[in-house]
Amino acid sequence: MALRKAIMNYTVRKFDAVIVGAGGAGLRAAIQLSEAGYKTAVLTKVFPTRSHTVAAQGGVAASLGNSEEDHWHWHMYDTVKGSDWLGDQDAIEFMCRKANEVVVELEHYGMPFDRLDNGKIYQRPFGGHMSNFGEKPVRRSCAAADRTGHAMLHAMYQRNVKVNTQFFVEWQALDLVRDAEGDVMGVTAMDMETGEIVVFHAKATIFATGGAGRIYYSSTNAFINTGDGVGMAARAGIPLEDMEFWQFHPTGVAGAGVLITEGVRGEGGILRNSAGERFMERYAPNAKDLASRDVVSRAMTTEINEGRGCGPNEDFVLLDITHLPPETIMKRLPGIHEIGIQFAGVDCLKEPLPVVPTCHYQMGGIPTNYSGQVVVPRGGNHSEPVLGFYAAGECACASVHGANRLGTNSLLDLLVFGKSAGETAVNDLKNSVKAHKPLAQDAIDRSLARVDRLNHQKDGADVHETRLAMQRTMQKHAGVFRFKDMLAEGVKRIDEIAGQVAQTQIKDKSKVFNTARIEALELDNLIEVAKATIVSANARTESRGAHVRDDATDTPETPDGRDDRNWLKHTLWYREGNRLDYKPVQMKPMSVDTIELKKRAY
Amino acid sequence: MDEVRKARINRLKWHCRRALLELDLVFDRFWERYEDSLDAQGEAALESLLELEDHDLWALVSGREATDDSQLAAMIERLREVSPLANFE
Ligand SMILES: Cc1cc2nc3c(=O)[nH]c(=O)nc-3n(C[C@H](O)[C@H](O)[C@H](O)COP(=O)(O)OP(=O)(O)OC[C@H]3O[C@@H](n4cnc5c(N)ncnc54)[C@H](O)[C@@H]3O)c2cc1C
């Protein structure tokens, strides 16, 4: 490979484990490894407590039963139902059973949860969480005011500092180092401050890089969410699972994307159409405004499509909390007031807020089992672990969220599967992986060549414009409602844009914090996610959870367009040749009976 | 732009990548408007603000909280001026 000299230089650093990502999942995994005494490096693009987990306000789900009776089995039922039966029931049981343990652990790390007068953790209701197998809403979400995610990162960061985790802050991981046998032995990464490239050689590599919500034009996600881990995995030949499933949060501020937490509806907020009608009563008579996110998003979109939207263009609905006592709003939901004022020009104590469904969460990702091992089809088995490779958090697909995630289940996912990935890595280091496997030189060369190409590209495409074209295309062709012809056209369009991404050009060639280069490298990852999403969505001809197609008809065999006979299976997208494969959904839980297929109604 | 200033600005720009979309939106517009004219005093004020936790920074930018420091207050004013609301119809 003809590499120019300037980037031929790289150094190698050895660790027992390298973790990419210092959000909730990465920090939780790191605690496990460092506590066990393993030399652990955590790489992160931004300071750990500036990871996107900070944005999580609503809380973390656990059936502690502090405010009323609750049970992990009910939580499991809600999660399976929420997932529209695409979630793996073994992983879901695992997560719901572990919830109390990881939340209490977090409390011991110093997490300042809101409390009841009796000192126990205060719990509030949240969409889709019900008692007694779907009977009525239950208070299951544990929060720390409106700073749950932030408090969580702080507590876990402090814990990591105590146990000597080594942080590499403002480092951008570039590519996975995977050899011909398919085993993983680390990552290549760039120090943003100097432009220096280092190979992190490790016995265990854990991805916890978060989601890729920025593939859409309208998103609640911060700019940092570019799906780097998912892109890196795809380039290294790992298939991506269920990427057609993206959750649109019902309440993004119209025009800005900024999220209004579901906690607002948990505290009594009501959605209204242009006639002032509480329309959710028609769509979900029991759960109403607290129905599962996709149900609410779909209902809102239907209201807008049928001409009952608000505003001059009739393109949003209203979230009304004017009937709540101002003290409740200011105490339980303090951030909401400012967001209304800043991004909508509305004082929510007096007037309702304009909201629209907005891209929020990536249900699919790097396929893993509930032990946090990355799994791929091999030798006739559809879920063989990849040696040395683990993943957790939003970049991974365990799969507990299936076709639709319940609010507050993501923070739980970070804790449970972050811990579990760390634990499995510790066991592997103890029992089987004693030495570093030699580095695969060709994988390193390919990674260097990618940077080299970018540094020397002439007459190429503009990064900003290309990204915008991708985001607009995804929004238009693979949004809340999906249409057959639009999807097919979108596949072609994204393919063309991928061609431009392969030829992006940067004018700034400087070394120190070259944001143009960082963003170009991020775009290489975003485009893999966009391709996986639209190709997988185009192929899945049913409606399920967050994937809703206009041409999937509602019949007795296919209620609401869900076609279990043909589509009760996970998608696997391979980058090479844009190929699709499928694997069965794990319907058998660990200990309890299967939660049988049923039409999903709230 | 000379190399030294560019490196400083680039570093500041990266530090404007935050965990909250609210702040990303504000900073995006800020740089569009002030990249060329930001002076040393402005750079210093911005740097101090960027040290803050995201929620604290947002509390200042959204006007929920205030600062006594006049340099910081001036920078907050600029950030509030470019706030997306100004473009909201
Ligand atoms: C506005 C908002 C509110 C939410 N509220 C809730 C809620 O109340 N409850 C809930 O359960 N869920 C909520 N979610 C979802 C939840 O916050 C996320 O799914 C979760 O925080 C993701 O955590 P993570 O650890 O997987 O990734 P992140 O927290 O996104 O962290 C990713 C980490 O990876 C690093 N990284 C990425 N790429 C690279 C690279 N190339 N090199 C080095 N480092 C890299 C980043 O620096 C960062 O440290 C919310 C999401 C949003 C957008």
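Residues numbered from 1 in each chain as written. Chains lettered and ligands numbered in written order. Predicted model: local features only at pLDDT ≥ 70, side-chain atom pairs only at ≥ 80, totals over all residues. Heavy atoms only, no water.

A. The arrangement of the packing of aromatic side chains in detail. All names here are of chain A. Per the counting criterion, the structure on display carries 18 aromatic pairs over all chains. Seen in terms of ring centroids, Phe-15 and Phe-200 are 6.0 Å apart; in terms of plane orientation they differ by 25°. Their pairing is stacked. Here Phe-15, found in strand β1 (residues 11–20), pairs with Phe-200, found in strand β9 (residues 197–207); they are 185 residues apart in sequence, far enough to count as distant. Relative accessible area serves as the criterion here: at 3%, Phe-15 is assigned to the buried category. Ring geometry for Phe-279 versus Tyr-283: centroids 6.3 Å apart, planes at 90°, classification edge-to-face. Look at Phe-279 and you get buried, because its relative accessible area is 0%. Residue class for Tyr-283 comes out partly exposed when judged on its relative accessible area of 28%. (Phe/Tyr/Trp six-rings, centres within 6.5 Å; stacked < 30°, edge-to-face > 60°. Helix = DSSP H or I, 4+ residues; strand = E, 2+ residues; numbered from the N terminus. Buried < 20%, exposed > 50% of the residue type's maximum accessible area, 1.4 Å probe, protein only.)

B. Fine view of the pairing of strand β11 (residues 246–253) of chain A. Residue and element names in this part refer to chain A. The element β11 is largely enclosed, with a buried count of 8 among its 8 residues. Pairing between β11 and strand β14 (residues 353–362): 6 bridges, direction antiparallel. Bridge pairing in β14 places Phe-248 opposite Cys-359. (Pairing = 2+ DSSP bridges.)

C. A look at the sheet that holds strand β12 (residues 270–272) of chain A. Residue and element names in this part refer to chain A. Spatially, the 4 strands line up as an open sheet ordered β11-β14-β13-β12, and their pairing is antiparallel. Unpaired on one side and paired on the other, β11 and β12 mark the two borders of the sheet. For this sheet the average axis-to-axis angle between neighbouring strands, irrespective of direction, equals 45°. Of the strand pairs in this sheet, β12 and strand β13 (residues 317–320) are connected by 3 bridges, and their pairing is antiparallel. Following the sheet pairing, Arg-272 is matched in β13 by Leu-318. (Axes fitted to C-alpha atoms, helices over the stretch in contact; angles between N-to-C directions.)

D. Up close: the sheet that holds strand β23 (residues 569–574) of chain A. Residues and elements named next belong to chain A. Strand order in the open sheet formed by 3 strands is β10-β23-β24, with antiparallel pairing between adjacent strands. Edge strands, defined here as strands with exactly one partner in the open sheet, are β10 (240–241) and β24 (579–584). Summarising the sheet, β10 and β23 pair through 2 bridges and their orientation is antiparallel. Within β23, the position partnered with Glu-241 by the bridge is Leu-572. Contacts from helix α16 (residues 515–539) reach β10, β23 and β24 within the one sheet, and its direction differs from that of β23 by about 135°. (Contact = heavy atoms within 4.5 Å.)

E. Spatial organisation of the interface of chain A and chain B. Counting residues at the interface gives 44 residues for chain A and 33 residues for chain B. Contact with chain B buries area across many residues of chain A, yet Arg-50, Phe-223 and Gln-342 of chain A alone supply 24% of it, more than any other trio. For the salt bridge of Glu-338 of chain A with Arg-64 of chain B, the shortest nitrogen-to-oxygen distance reads 3.0 Å. Run the count over chain A and chain B and you get 15 residue pairs in polar contact (both at pLDDT 80 or more). With 8 residues, the top contributor of residues to the side of chain A that touches chain B is helix α11 (residues 334–344) of chain A. Partitioned by chemical class, the residues of the side of chain A that touches chain B number 18 nonpolar, 15 polar and 11 charged. (Buried area = accessible area lost by both parts, 1.4 Å probe. Salt bridge = Lys/Arg side-chain N within 4 Å of Asp/Glu carboxyl O. Polar contact = N/O pair within 3.5 Å; in protein donor to acceptor, adjacent residues only side chain to side chain. Nonpolar A, V, L, I, M, F, W, Y, C, P; charged D, E, K, R; others polar.)

F. Highlighting the packing of helix α3 (residues 40–50) of chain B against helix α5 (residues 70–81) of chain B. Residue and element names in this part refer to chain B. It is the contact of α3 with α5, at a shortest axis distance of 9 Å, that shows an interaxial angle of 85°. One finds that α3 runs roughly perpendicular with respect to α5. When α3 is examined against α5, the residues Gln-41, Gly-42, Ala-45, Leu-46, Ser-48 and Leu-49 are found in contact with a partner set consisting of Gln-71, Leu-72, Met-75, Ile-76 and Leu-79. When the residues that make up the contact of α3 with α5 are grouped by side-chain class, the tally is 7 nonpolar, 4 polar and no charged. (Parallel < 35°, antiparallel > 145°, perpendicular 65-115°, else oblique.)

G. Just the layout of surface pockets, in detail. Residue and element names in this part refer to chain A. Volume-wise, the second largest pocket comes out at about 480 Å³. As for the second largest pocket, its lining consists of 24 residues, of which Val-295, Arg-298, Asp-560, Lys-599 and Arg-600 are closest to the centre. Mapped by element, the contributors of at least two residues to the lining of the second largest pocket are α9 (293–305) and β22 (548–549). By residue number, the principal contributor to the lining of the second largest pocket is α9, which donates 4 residues. Taken together, the residues of the lining of the second largest pocket sort by class into 9 nonpolar, 5 polar and 10 charged. (1 Å grid on protein atoms, 1.4 Å probe; cavity = no way out; pocket = protein on both sides within 12 Å on 5 of 7 lines; lining within 4 Å. Points joined across faces, edges and corners; volume = space filled by probe spheres on them.)

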